[in-house]
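# Summary of the model geometry
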Amino acid sequence: MKKREFLKANALLAGSLVLNPFSVWAENRRARQANEFTLPPLDYDFEALEPVIDTLTMQIHHGKHHAGYVNNLNKALTGTNLGGQSLEEILAQISAQDTALRNNAGGHYNHSLFWKIIGPKHDRPVPKPLHKAIEAQFGSLEKLIEEMKTAGMKVFGSGWVWLALGRDQKLFVSSTPNQDNPLMRNLASPVGIPILGIDVWEHAYYLKYQNRRADYLNALWPLIQWEEVNRRYKAALA
Ligand code: MN
């Protein structure tokens, strides 16, 4: 996600859509009038995350699950007045009744973020701005990881665990059911801008880990692209 999109997400959270409905919003509408969302390609090969995430899981997860959310999002947008809006704008407006949009706009956003914040590069240590914020809020990186693993184990059924920046400019850990996320301000609590999300749906890990979600949640951390999480953190602060 580009910085401008973060700014937009931030502006949405602040409610400035009402105050300032023009500028970047209009530009965005012009840029994508057809409102066809597309499946973003991965930055790495399907086998690049072995042995933590197996090749077949990546192929199905990206090529079938994520692709399905994109297709169904485009269908769900047909006939609505949301044409041309950004994914973040759409997410901010979703209510509990909008089942198809909720699941598929959420699914598209969440997976697009997930593919970016995992990867084959081992880019520790955590960059300073993010590391300082993590220490301030959680005590240490290790404690943050423990908190996210615990939150992941507590999700009943399918959902996501988030590290996000709240309206108070502080980091928080939360979980959401199904494909919800903290940008859905009518549905999520707390509301914030996600900078790291972990998919705890069974489809994310079942082929390799079967029912052992804890093993998946323990194994995942060497894949986290902290440079990218830091970039998103700084953009969310702006
Ligand atoms: Mn998934």
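Here goes a summary of the coordinates provided. (Residues numbered from 1 in each chain as written. Predicted model: local features only at pLDDT ≥ 70, side-chain atom pairs only at ≥ 80, totals over all residues. Heavy atoms only, no water.)

## Some words on unusual backbone geometry
Quick reminder of the rule: For the purposes of this entry, the term helix denotes a DSSP run of H or I that reaches at least four residues, the term strand denotes a run of E that reaches at least two, and both are numbered from the N terminus. Each residue's exposure class comes from its accessible area (1.4 Å probe, protein chains only) as a fraction of the maximum for that residue type: buried when under 20%, exposed when over 50%, partly exposed otherwise.
Note that the residue after Glu50, namely Pro51, is joined by a cis bond; omega there is 0 degrees. A cis amide bond, omega 0 degrees, links Ser189 with the succeeding residue Pro190. Relative to the elements of secondary structure, Pro190 occurs in the loop between strand E2 (171-177) and strand E3 (192-199). Phi is positive for Gln169, which is not a glycine, with a value near 70 degrees. Tracing the chain through its elements places Gln169 in the loop between strand E1 (159-166) and E2. Residue classification places Gln169 among the partly exposed positions, given a relative accessible area of 35%. A positive phi is found at Gln210, a non-glycine position, where the angle reads about 50 degrees. Note on placement: Gln210 falls in the loop between helix H9 (206-209) and helix H10 (213-219). The class of Gln210 is partly exposed, set by a relative accessible area of 30%.

## Quick notes on the nonpolar core
Convention followed: Here, nonpolar core means buried Ala, Val, Leu, Ile, Met, Phe, Trp, Tyr and Cys residues that are tied together by side-chain atoms lying within 4.5 Å of each other. Contacts are assigned to residue pairs that have any heavy atoms within 4.5 Å of one another.
Counting 64 residues, the largest nonpolar core has Ile118, Leu171 and Trp226 as the members making the most contacts within it. Per-element tally for this core: the top contributor is helix H6 (residues 99-117), with seven residues. Beyond its immediate stretch of four places on either side in the chain, Ile118 contacts Tyr44, Leu49, Ile53, Leu223, Ile224 and Gln225.

## Quick notes on the coordination of the manganese ion
For a metal with four tetrahedral donors the ideal donor-metal-donor angle is 109.5 degrees, whereas six octahedral donors ideally subtend 90 or 180 degrees. Where we set the bar: Only nitrogen, oxygen and sulfur atoms qualify as donors, provided they sit within 2.8 Å of the metal or within 3.2 Å for Na, K and Ca; with water excluded from the atoms, sites may seem incomplete.
Protein-derived coordination of the manganese ion comes from His61 (NE2), His111 (NE2), Asp199 (OD) and His203 (NE2), at a distance range of 1.9 to 2.1 Å. Going along the chain, you hit the donors of the manganese ion in the pattern H-x49-H-x87-D-x3-H. With His111 in helix H6 and His203 in the loop between E3 and H9, this residue pair connects regions lying 92 residues apart in the sequence. For the residue pair His111 and His203, the accessibility class agrees, reading buried in each case.

Purely geometric numbers; function is a separate question.
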